[in-house]
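Structure at a glance
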Amino acid sequence: QVQLVESGGGLVQAGGSLRLSCAASGRTFSSYTMGWFRQAPGKEREFVAAVTWYGGSTSYADSVKGRFTISRDNVKNTVYLQMNSLKPEDTAVYYCAAQYGVLRGNRAADFGSWGQGTQVTVSS
């Protein structure tokens with residue numbers, strides 16, 4: 001298992017940008033597919049994006065395609081989520097998650113390790 005700590009959340013106006021970071025502990029970070037999820041008040045946790053262990057393949061929810069970019073640095077043990085053209089409906093707590101090996105699914109249950117979350121608020 002890896003331990004995950006998110007940072008970079010905050011308050012931003014609609015149309016603005018934020019970059020979230022997720023620092024992972026453990027020497028096997030490069031063996032994990034990494035993902036980002038989000039959860040708005042009263043809603044279920046939903047998939048946002050994922051990147052395979054070698055960074056060669058990414059997957060995005062339709063709602064963020066073209067606006068968000070996931071990337072990873074296996075030297076720094078860090079995964080990033082660059083969020084551009086933010087909308088009020090992007091407001092949520094964003095969670096970093098890890099799935100050992102290849103991406104087998106994008107459900108929350110497919111990911112075994114989670115961070116504590118970071119709040120993103122987009123004002124209109």
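See the structure shown above.
A brief structural summary.

Here we take up the packing of aromatic side chains. If you walk through the whole model with that rule in mind, you get six aromatic pairs. Following the ring pairs from residue to residue traces out a cluster consisting of Phe37, Phe47, Tyr95, Phe111 and Trp114. Directly above the aromatic system of Trp114 lies the positively charged group of Arg45, at a separation of 4.8 Å from the ring centroid. Against the face of Phe29 rests Arg72, its NZ or CZ located 4.5 Å from the ring centre.

Even without being glycine, Asn77 reaches a positive phi, approximately 55 degrees. Note that Asn77 resides in the loop between strand 7 (68-73) and strand 8 (78-83). Given the relative accessible area of 19%, Asn77 is considered buried. If you check the backbone angles, Ser85 has positive phi at about 50 degrees while not being a glycine. Within the secondary structure, Ser85 is located in the loop between strand 8 and strand 9 (92-100). The class of Ser85 is partly exposed, set by a relative accessible area of 41%.

Let's shift gears to the environment of Gln39. When you line up the elements, Gln39 lands in strand 4 (residues 32-39). Taking the C-alpha atoms as reference, Gln39 lies 9.5 Å from Asp90; in sequence the two are 51 residues apart. Excluding residues within four positions of it along the chain, Gln39 makes contact with Glu44, Arg45, Ala92, Val93 and Tyr95. A polar contact is formed between the side chain of Gln39 and the backbone oxygen of Lys43, at a distance of 3.1 Å. Within the local environment of Gln39, its side chain forms a polar contact with the side chain of Arg45, the two groups lying 3.3 Å apart.

When its volume is computed, the largest pocket comes out at roughly 180 Å³. Here the residues of the lining of the largest pocket are counted per class, giving three nonpolar, three polar and seven charged.

Grouped together as the largest cluster of nonpolar side chains are 35 residues, with contacts concentrated most on Met34, Trp36, Leu81, Met83 and Tyr94. Put simply, the parts of the chain that give this core at least two residues each are strand 3 (18-25), strand 4, strand 5 (46-51), strand 7, strand 8, strand 9 and strand 11 (118-123).

Here we take up the sheet that holds strand 3. Pairing within the open sheet is antiparallel, and its four strands lie in the order 1-3-8-7. Unpaired on one side and paired on the other, strand 1 (3-7) and strand 7 mark the two borders of the sheet. For this sheet the average axis-to-axis angle between neighbouring strands, irrespective of direction, equals 15 degrees. Where strand 7 lies against strand 8, six bridges are found, and the strand directions are antiparallel. In the strand pairing of strand 8, Ile70 is matched with Leu81.

About the criteria used
Residues numbered from 1 in each chain as written. Predicted model: local features only at pLDDT ≥ 70, side-chain atom pairs only at ≥ 80, totals over all residues. Heavy atoms only, no water. Phe/Tyr/Trp six-rings, centres within 6.5 Å; stacked < 30°, edge-to-face > 60°. Lys NZ or Arg CZ within 6 Å of the ring centre and 35° of its normal. Helix = DSSP H or I, 4+ residues; strand = E, 2+ residues; numbered from the N terminus. Buried < 20%, exposed > 50% of the residue type's maximum accessible area, 1.4 Å probe, protein only. Contact = heavy atoms within 4.5 Å. Polar contact = N/O pair within 3.5 Å; in protein donor to acceptor, adjacent residues only side chain to side chain. 1 Å grid on protein atoms, 1.4 Å probe; cavity = no way out; pocket = protein on both sides within 12 Å on 5 of 7 lines; lining within 4 Å. Points joined across faces, edges and corners; volume = space filled by probe spheres on them. Nonpolar A, V, L, I, M, F, W, Y, C, P; charged D, E, K, R; others polar. Core = buried A, V, L, I, M, F, W, Y, C linked by side-chain atoms within 4.5 Å. Pairing = 2+ DSSP bridges. Axes fitted to C-alpha atoms, helices over the stretch in contact; angles between N-to-C directions.

Function cannot be read off these values alone, since they describe shape.
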